[in-house]
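# Fold and geometry: a report
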Amino acid sequence: MPDAYKQQIKDTVGDPRLQIAIYNNTGRLVENRKSVVSTEALPGYQGLRDQGHAIKKHTLDHLDHYLELAEKNITARGGKVVYARDSAEACEWIAQLAEKRGVKLLVKSKSMTTEEIELNHALEKRGVEAVETDLGEYILQLNDEKPYHIIAPALHKTRFDVADIFERKLGGAREVVPEKQTQIARRVLREKFLAAGIGVTGANFVVADSGAVVVVENEGNARITSSAPKIHIAVAGLEKLIPRAQDLAVFLKLLARSATGQPLSVYTSFLSPPKRSNEQDGPEEFYLLFLDNGRTRLLADEGKRESLYCIRCGACLNHCPVYRKIGGHSYPWVYSGPIGAIITPQFMGLAKDPWLPYASSLCGACAEVCPVKIDIPKHLLTLRHEVTEMRTREGQNRLEKLAFRLWSYAMRHPRLYESLGKLAAGAAPNPANEAWIKKLPSLLHRGPVAAWLSERDLPPSPAKSFREQWRERQERRHNA
Amino acid sequence: MPEAREAILSAVRTALKRSKGQGIPQPPALDLSFIDTPVADRIAFFRAAIEKLGGTVSEVPGIAEARGRAVELIGARSTVCSSAAIVADCGFAPPAGDLREACASADCGITSADYALADTGSLVLFSSATEPRMVSLLPPCHIAIVPESVLLTSLEELFVREAMPAERSSAMVIITGPSRSADIEMILVRGVHGPGEVHVIFVAGH
């Protein structure tokens, strides 16, 4: 793991204010979810998860068909479908469209995919102002930060942080009450909405049979983004497709419940622009940009293909004991938590962040709450296996292999194991007051041993080993 | 980027070991069944759901009462109205000038709805010649005058009736309560970008 991440993790774990913020906010989301997926609240919940999984499996297994179907239907209504192989291609295309239409101001609603391609920075370089309009995203954009959480981007910020950021960036009187801070953002952003030439949204779903995108939100910013500007661009990963509008009866129920614990989000927009001739408002041009950026690579891996079923609800983050300690900024990419730990290495290549699949205790909570039943722990294990294979190929883990061979030999020879155990117990520092061992003698305290002990302490070695105690017990019984 | 399109589609086919134009099996069957409840129950469910979210519901026997209730809710505030039939019947007229300007400056937006969903307390609006997108969106208060007959039970019933929403309109929006955010410390704030107030008036016999 690079030192920068180690430091980030240390800083997060050592910051009591941040720890409370992460713990409370994810805890709140956990409780909210629990209340709406219970058997009393939604008797068919487990069946819905199976349905969601089956529909996503069907779609991804026949993705070429659904991509072409969506394209056909969007084109038939006067929209356009654009494909981009990577971030650079996606950003370049959007920047060029802005240039062609003479657009200098663009508004954006919350979208992880546009975070993924770092659209804002790319546009800024081309002289186009891109403004985030989701309240949390706006706060982070003012402070130049990455989202901390898939659905609650400013989860780590307190109202006092927000007051500081608004005061510094927007001027005006310092305001620490969230209602008033929200009104400030509403005022500033309303002007941007009405002046912007392009609105960029993500897409929670792309509906193939309708040629439509579905955007789910609570604030109304995605509705304005997709309604006020003359041009609407939706940026969607290839995996966002679903076959039919009717499938939404399954997915809308799963998404909001898993994300925020709402039976439905406040606004679900089912959009098939451009506006029809008889409609009074709405965009005149519509583009759906399909982004690959590593997705087809993952699609080819049948064993892990289901990683693409993710509907980005964030439930796995909220339930993950690792995420809840180290927070969203300790992960190397915009996707954090358990789902980030499996999709980042698969999108970006395993060699980039090989430590990431190890950022899990494999407790299984993520798989238990996943609304589309992605077996995240299984994929973490497969990825670990692949990391080891990669290292073996590169000859990086010769010492480790030797160590495990010796270990395996010792485990298969009980006498040897016992004498080695005695040796170790005798050699280990044995503090008189039974204190836990934090350090080994300097000769041994290095490499992986030192790394292991840096976060853990060893219990003092016991007076008698388990085997000795067992034999004594058996003898006592025998004599009795 | 035509070369990107070809590259991606071909990468997808290779990944899936499929050939161009190859057929597909039927997608998994859906269970869109719902329990049909009487109107009185639906209104009770709707009320329970939307009140939890901070919205209100009124039931009125006719057009005159609907107008009365709307006027009461509006108070001294300014309005912008859609030209939906039931809104016009109540005597509310759409703006004469620029629609967007009118929506951006009004305090209350008055619309009808194409459907309402009892289970979740939702309104369903299709953008159309009489129902623009902005009236229910830009003003801080949204008042919907809705014929009782369009109150459905659930999402399932909606998608049974409207299997292809895109054939009807460029935008179908399902509105479930007032605009809200919990982005700052998980503290619930209403009226972020959309209306912070949502009032629904169900008109009997319509």
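Computed from a predicted model, the values in this text were never measured in an experiment.

### Looking at the overall build of chain B
Looking only at helices and strands, chain B features six helices and 11 strands. Its C-alpha atoms give chain B principal-axis dimensions of about 65 × 40 × 40 Å. Across the 206 residues in chain B, those meeting the buried criterion constitute 51%.

### Describing the overall build of chain A
In terms of helices and strands, chain A carries 22 helices and 10 strands. Within the span of chain A, comprising 480 residues, buried residues form 48% of the whole. Across chain A, every contact between residues at least 6 apart in sequence was considered, and the portion connecting residues at least 24 apart equals 72%.

### Side note on the pairing of strand E3 (residues 108–111) of chain B
Moving residue by residue along a regular strand, the side chains alternate between the two faces of the sheet. Residue and element names in this part refer to chain B. Going residue by residue along E3, you find Cys108 and Ile110 tucked away on one face and Gly109 and Thr111 tucked away on the opposite face as well. Note that strand E2 (residues 79–81) and E3 share three bridges and pair parallel. Its bridge partner lying in E3, Thr79 is registered against Cys108. Where E3 lies against strand E6 (residues 141–147), four bridges are found, and the strand directions are parallel.

### Remarks on the confidence of the model for chain B
Here chain B averages 97 in pLDDT, and 100% of its residues register 70 or above. Scored by ipTM, the complex comes to 0.98, with pTM at 0.93.

### Some details on the packing of helix H2 (residues 16–37) of chain A against helix H12 (residues 248–260) of chain A
Residue and element names in this part refer to chain A. At a closest axis distance of 6 Å, the pairing of H2 and H12 adopts a crossing angle of 140°. Contact residues: Leu29, Asn32, Arg33, Val36 and Val37 in H2; Arg257, Ser258 and Thr260 in H12. Its residues placed into classes, the contact of H2 with H12 shows three nonpolar, three polar and two charged.

### Remarks on the sheet that holds strand E1 (residues 56–60) of chain B
Residues and elements named next belong to chain B. Spatially, five strands are ordered E1-E11-E6-E3-E2 in an open sheet, and the strand pairing comes out parallel. Strands with a single pairing partner mark the edges of an open sheet, and in this sheet they are E1 and E2. Sheet twist, expressed as the mean angle between neighbouring strand axes with direction ignored, is 20°. Here E6 pairs with strand E11 (residues 197–203) via seven bridges, running parallel. Residue Pro147 lies in a different strand from E11, and its bridge partner there is Val203. Sitting on the sheet, helix H2 (residues 39–52) touches E1 and E11, and the angle it makes with E1 is about 155°. Strand contacts of helix H3 (residues 63–74): E1, E2, E3, E6 and E11, with the helix running at about 165° to E11, the strand carrying the most contacts.

### Details of the interface of chain A and chain B
Interface extent is often summarised as the accessible area lost during association of the parts. Counting residues at the interface gives 76 residues for chain A and 57 residues for chain B. The element that contributes the greatest number of residues to the side of chain A that touches chain B is helix H10 (residues 178–195) of chain A, accounting for seven residues. Within the side of chain A that touches chain B, the residues separate by chemical class into 33 nonpolar, 25 polar and 18 charged. In this structure, strand E9 (residues 267–271) of chain A lies alongside strand E8 (residues 171–175) of chain B, joined through five bridges in antiparallel fashion. Pairing of Thr268 of chain A across the sheet is with Ile174 of chain B, part of E8 of chain B.

### Describing the pairing of strand E5 (residues 122–126) of chain B
Residues and elements named next belong to chain B. With five of five residues buried, E5 is to be regarded as a mostly interior element. Here three bridges tie strand E4 (residues 115–117) to E5, and the two strands are oriented antiparallel to one another. Directly across from Ala116, in E5, lies its bridge partner Leu123. Between the antiparallel neighbours E4 and E5 lie four residues, among them Gly121 with a positive phi of about 70°. In this structure, E5 lies alongside E8, joined through four bridges in antiparallel fashion.

Here is what the cut-offs are and how they apply
Residues take numbers from 1 onward in each chain, read along the sequence in its written order. As a convention, the first chain written is A and the first ligand written is 1, with the rest following in written order. Residue-level local features of this predicted model are given only where pLDDT is at least 70; pairs of side-chain atoms are given and counted only at 80 or more, and the full residue set underlies all totals for whole chains, interfaces and linings. Strands are runs of DSSP state E lasting at least two residues, helices are runs of H or I lasting at least four, and both sets are numbered from the N terminus onward. To assign burial, the other C-beta atoms lying within 10 Å of each residue's own C-beta are counted, with C-beta atoms placed from the backbone; 20 or more indicates buried, 12 or fewer indicates exposed, and intermediate counts indicate partly exposed. Residues are scored as being in contact if the C-beta atoms we place from backbone atoms lie within 7 Å. Two strands pair under a simple rule: DSSP has to find at least two bridges between them. Each residue carries a pLDDT value, the predictor's own confidence for that position, ranging from 0 to 100. Lines fitted to the C-alpha atoms define the axes, with helices restricted to the stretch that makes contact. Angles between their N-to-C directions range from 0 to 180 degrees. Gly counts as polar in this scheme, as do all residues outside two lists: the nonpolar Ala, Val, Leu, Ile, Met, Phe, Trp, Tyr, Cys and Pro, and the charged Asp, Glu, Lys and Arg.

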